[in-house]
Amino acid sequence: MIDPRVASGLRDLPPAQAVPRERMLKVLREVFGRFGFLPIETPHIERVEVLTGKGAGSDEVLRQIFDVTNKGGTAGELALRFDLTVPLARFIAKHVEQLGTPFKRYAIGSVFRGERPAKGRFREFTQCDFDTVGSESVVSDAETAQVIHDSLQAMGVPSFVIAINNRRILDGLLETFGVESRKAAVLRSLDKLAKVGREAVLAGLHRGEAEGGAGLAETQAEGVLRFVESGRGGLEVLDAVQGTLGSNPSAAAGLENLRAVLGLLAAAGVPEGRVVVDLGLARGLDYYTGIVFETTVTGWERFGSIASGGRYDNLASLFTTRRLPGVGASIGLDRLLALLEEAGWLGGSISTAPVLVAQFPGTELSVVFSAAARLRTAGVGAELFPEPIAIGKQMGYGSTRGHRFGLIIGPDEATAGVFNLRDLKTRQERKGLPLADLEAIVASALNEPA
RNA sequence: GUGGCUGUAGCGUAGCGGUUAACGCACCAGAUUGUGGAUCUGGGGAUCGCGGGUUCAAAUCCCGUCAGCCACCCCA
């Protein structure tokens, strides 16, 4: 016997998970489409050179990448994509002349990372990316947050917060303290504030670079931290920063951007409190240059971000000399589903056909087979039970699968040209309905509230 | 990739050196051969993750390995 297990970090999805997942994908496509984003597809496998940025790729990427080898091919040439942004960069570089800008696309698909799996963290997971390439407008910045908001809302996530910040404010901060050269290490430390607390962050900032710290003097570390700590909230946070960093051109630009974004989102009717400024939000990815986003579900912060992204100055610089700024985000569908499932918010019927047509022992098979076919033709999902077993068993099957109605045609009904329609929830049964009006009767019954 | 915790029927657990591994839920059958989630009765299902070692004897101790979880790292 071969052990039917799957490898670490990979999983099977039974209908109870696959059905809600399909529904969410449908919702996401609708929302993306409503904003004018168009779908694209790129291969799951890319050339390693593309993924790693020709050797210039970070160690982190190299560590997480899955190699793919085909017999006869060149070893180490191909690998599985680890996100959808790098493939987008390659895609846009190749096709921008035909597509023109601004170009808004969405892409939904599996990505692969050779990480150590944990809760809500897998080695294959689906990303739902949307990006606007070729515009530096604040419209796109605000729209990105709005799409995140509308998506989560439409998927039925009860309560969430989209944190925003602007890298340029942080740039200004670092310039002011004269520590631009330590940017990456400083941001990495600050990003952890909510998680590890102020003392740990302070220690990280102060610790020497050799030990993985940022190597800041104590006054610098304290100052930088104090600044970040001052800010999580709405416009008042921006006003406060205006006073301390407003004279720095970079910070001023960042502040103006966030102010405009908050204004537009309010104008679009995004509820107050759904989007908050968080000056400590940095995001590890070093290609972000402007606004950044990170979204958590209220009460489930330990699952980490379920939707995040940001603005980048020049997405495709590895692939073309043409400068292509853009902004976008990615919704982590699998993490969100894992969260909703654990929170018990997934519920609902998993049946995709509302009517279960029973196969009554003794009834001519063609009678029920054609009844099911007629319903489907009329656009009503109908499942014919495949075995002529005890009728109660069949009703039980329909009930546990979440079918709304059981349709019963016994030998007596068949002779009389009628059918019975049983509500599987209330156990109420309407009997002797004319078979000639099958479609109309069932359709109208389905329109009644459950 | 580093460190730690865990691994017993589909799921959740008990047993933690000594006869045929226990319980709940789920599943199947019957009471109920034209009507399902209750009750009762009966039943199937586990080489105790896998491999090796210690011992007269291992689910139980040791080592390795795989998987899950936690922290670091990173991120959806």
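See the structure printed just above.
Description of the structure in this document.

The rules behind these values
Residues numbered from 1 in each chain as written. Chains lettered and ligands numbered in written order. Predicted model: local features only at pLDDT ≥ 70, side-chain atom pairs only at ≥ 80, totals over all residues. Heavy atoms only, no water. Salt bridge = Lys/Arg side-chain N within 4 Å of Asp/Glu carboxyl O. Helix = DSSP H or I, 4+ residues; strand = E, 2+ residues; numbered from the N terminus. Buried < 20%, exposed > 50% of the residue type's maximum accessible area, 1.4 Å probe, protein only. Expected span 1.5 Å × (residues − 1). Phe/Tyr/Trp six-rings, centres within 6.5 Å; stacked < 30°, edge-to-face > 60°. Lys NZ or Arg CZ within 6 Å of the ring centre and 35° of its normal. Pairing = 2+ DSSP bridges. Near = heavy atom within 4 Å. Polar contact = N/O pair within 3.5 Å; in protein donor to acceptor, adjacent residues only side chain to side chain. Patch = residues over 30% accessible without salt bridge, like charges linked within 9 Å, V, L, I, M, F, W, Y side chains within 5 Å. Areas by Shrake-Rupley, 256 points an atom, 1.4 Å probe, with all protein chains shown as cover. Lys, Arg positive; Asp, Glu negative; His and termini not counted. Charge placed at Lys NZ, Arg CZ, Asp CG, Glu CD. Contact = heavy atoms within 4.5 Å.

## Observations concerning the pattern of salt bridges
And then number 1: Overall, the coordinates contain 17 salt bridges when judged by the stated rule.
And then number 2: Arg322 is the partner of Glu97 in a salt bridge, and the nearest nitrogen-oxygen pair spans 3.5 Å. Here Glu97 is found in helix H4 (residues 85–99), whereas its partner Arg322 is found in the loop between strand E11 (307–312) and strand E12 (326–332), with 225 residues between them in sequence.
And then number 3: Judged by its relative accessible area of 59%, Glu97 is exposed.

## Quick look at helix H1 (residues 15–34)
And then number 1: In this model H1 runs 28 Å from its N-terminal to its C-terminal C-alpha over 20 residues, within 8% of the 28 Å that 1.5 Å per residue would give.
And then number 2: Of all the residues in H1, the buried ones are Val19, Pro20, Arg21, Met24, Leu25, Leu28, Val31 and Phe32.
And then number 3: One or two residues past the end of H1 sits Gly36, with phi positive at roughly 90 degrees.

## With respect to the packing of aromatic side chains
And then number 1: A full pass over the atoms with the stated rule returns 6 aromatic pairs.
And then number 2: Between the aromatic rings of Phe37 and Phe130, the centroid separation amounts to 5.4 Å while the plane-to-plane angle is 70 degrees, which identifies the pairing as edge-to-face. In this pair, Phe37 sits in the loop between H1 and strand E1 (38–39) while Phe130 sits in strand E6 (residues 124–133), placing the two residues 93 residues apart along the sequence. Taken individually, Phe37 and Phe130 each receive the classification buried, so the pair is uniform in this respect.
And then number 3: A cation sits over an aromatic face here: Arg11 above Phe122, 3.8 Å from the ring centre.
And then number 4: Its end group placed over the ring of Phe160, Arg274 keeps NZ or CZ at 4.4 Å from the ring centre.

## Overview of the sheet that holds strand E4 (residues 78–80)
And then number 1: One open sheet holds the 3 strands; their spatial order is E2-E4-E3, and the pairing between them is antiparallel. Each having just a single partner strand, strand E2 (45–47) and strand E3 (67–68) make up the two edges of the open sheet.
And then number 2: Where E2 meets E4, 3 bridges bridge the pair, whose relative direction is antiparallel. Residue pairing for E4: Ile45 is matched across the bridge by Leu80.

## A word on the protein's contact with RNA strand B
And then number 1: As a matter of local geometry, RNA strand B sits amid 46 residues, with Arg121, Arg188, Ser399, Asp412 and Arg427 nearest to it.
And then number 2: Taken together, the sugar and phosphate atoms account for 44% of what RNA strand B places within 4 Å of the protein.
And then number 3: A distance of 3.2 Å is found between a base oxygen of RNA strand B and a side-chain nitrogen or oxygen belonging to Arg116.
And then number 4: Residue Asn420 places a side-chain N or O atom 3.4 Å away from a base oxygen belonging to RNA strand B.
And then number 5: Of all elements in the fold, only helix H3 (59–64), E6, E11, helix H15 (391–401), helix H16 (411–416) and strand E16 (418–423) reach the threshold of two or more residues within the surface near RNA strand B.
And then number 6: The element best represented in the surface near RNA strand B is H15, accounting for 6 residues.

## So, the pairing of strand E17 (residues 429–434)
And then number 1: The sheet contact formed by E16 and E17 spans 4 bridges and is antiparallel. Note that in E17 the partner of Leu421 across the bridge is Arg430.
And then number 2: Counting the residues between successive antiparallel strands, the hairpin from E16 to E17 contains 5 residues, one of them, Arg427, with a positive phi of roughly 65 degrees.

## Quick look at unusual backbone geometry
And then number 1: Cis geometry is found at the peptide bond from Thr101 to Pro102, where omega equals -5 degrees.
And then number 2: Its place among the elements puts Pro102 in the loop between H4 and strand E5 (103–112).

## Some thoughts on a positive patch on the surface
And then number 1: Together, Arg188, Lys192, Lys195 and Arg207 give the surface a local cluster of positive charge.
And then number 2: The residue Lys192 is located in the loop between helix H7 (183–191) and helix H8 (193–196) in this model.
And then number 3: Among the residues examined, Lys192 registers a relative accessible area of 42% and is labelled partly exposed.

## Looking at helix H6 (residues 167–176)
And then number 1: Most of H6 is tucked away: 7 of the 10 residues are buried.
And then number 2: For H6, every residue scored as buried is listed here: Arg167, Ile169, Leu170, Asp171, Gly172, Leu173 and Leu174.
And then number 3: On the buried face of H6, the contacting elements are strand E7 (160–166), H7, helix H10 (218–229), helix H11 (235–245), helix H12 (249–267) and strand E10 (291–297).
And then number 4: The residue sitting at the N-terminus of H6 and contributing the capping side-chain oxygen is Asn166; that oxygen lies 2.8 Å from the backbone nitrogen of Arg168.
And then number 5: Looking one or two residues past H6, Gly178 carries a phi angle of roughly 65 degrees, positive in sign.

## Points about the environment of Lys71
And then number 1: Examined against the element boundaries, Lys71 turns out to sit in the loop between E3 and E4.
And then number 2: Considered as a pair, Lys71 and Ala251 are 180 residues apart in the sequence and their alpha carbons are 53 Å apart.

## Digging into the pairing of E6
And then number 1: Counting buried positions over the 10 residues of E6 gives 9, a clear majority of the element.
And then number 2: Pairing analysis gives 10 bridges linking E5 to E6, with the strands arranged antiparallel. Each bridged residue has a counterpart across the sheet, and for Ser110 the counterpart in E6 is Thr126.
And then number 3: When E6 meets E12, the two strands line up antiparallel, connected through 7 bridges. Following the sheet pairing, Phe130 is matched in E12 by Ala329.

The values are spatial; any link to function lies outside them.
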